[in-house]
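# An overview of the molecular structure
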Amino acid sequence: MQIFSHVKSYVPPRSPFDPCPPIGTKYYSTPPNLYLGFQPPGLPQFSPADALRKGTLWKVLYDYYDNPYRKGAGKTHG
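Now for a quick tour of the structure.

## Some details on the overall build of the chain
When helices and strands are counted, the chain shows one helix and two strands. Starting at the N terminus, the α and β elements of the chain follow one another as β-β-α. By the burial criterion, 8% of the 78 residues in the chain qualify as buried. Put simply, of all contacts in the chain between residues at least 6 apart along the chain, 25% involve residues at least 24 apart.

In structure tokens, the structure reads:
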């Protein structure tokens, strides 16, 4: 069973002759619309006020972004 996640990771390739220390694992987020081939009818919607705050009308297309450069980032949102 594979667990679905919008957050992906990779390890940048490194030459054995590279004098710099390895970078380590890099992470990136993929947008939800990549996994929705078409927009089916009857999708749940946010209220108009919430849609303006979140940037989308449809709940399945909402992707929370936590700024990694903001102080205190990485805490759970909710």
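Moving on, there is more to tell.
## A closer look at the side chain of T56
You can see T56 is positioned in the segment after helix 1 (48-54). Accessibility expressed as a relative area gives 14% for T56, which makes it buried. Within the structure, the side chain of T56 is placed 3.4 Å from the backbone nitrogen of W58, a separation counted as a polar contact. For T56, the contacting residues outside a window of four places in its chain are F46, A51, L61 and Y62.

## Concerning the packing of aromatic side chains
Applying the stated criterion to the full structure yields two aromatic pairs. Relative to Y62, the ring of F46 lies with its centre 5.9 Å away and its plane at 90°, an arrangement referred to as edge-to-face. Within this pair, whereas F46 is found in the loop between strand 2 (26-29) and helix 1, its partner Y62 is found in the segment after helix 1, the two being separated by 16 residues in sequence. Directly above the ring of Y62 sits K54, whose terminal nitrogen or CZ lies 4.5 Å from the centroid.

## Quick look at the side chain of T30
With respect to the secondary-structure elements, T30 resides in the loop between strand 2 and helix 1. Overall, the relative accessible area of 9% leaves T30 in the buried class. Within the structure, the side chain of T30 is placed 2.8 Å from the side chain of Y35, a separation counted as a polar contact. If sequence neighbours within four positions are ignored, T30 has contacts with H6, K8, Y35 and D63.

Cut-offs used in this document
Residues numbered from 1 in each chain as written. Predicted model: local features only at pLDDT ≥ 70, side-chain atom pairs only at ≥ 80, totals over all residues. Heavy atoms only, no water. Helix = DSSP H or I, 4+ residues; strand = E, 2+ residues; numbered from the N terminus. Buried < 20%, exposed > 50% of the residue type's maximum accessible area, 1.4 Å probe, protein only. Contact = heavy atoms within 4.5 Å. Polar contact = N/O pair within 3.5 Å; in protein donor to acceptor, adjacent residues only side chain to side chain. Phe/Tyr/Trp six-rings, centres within 6.5 Å; stacked < 30°, edge-to-face > 60°. Lys NZ or Arg CZ within 6 Å of the ring centre and 35° of its normal.

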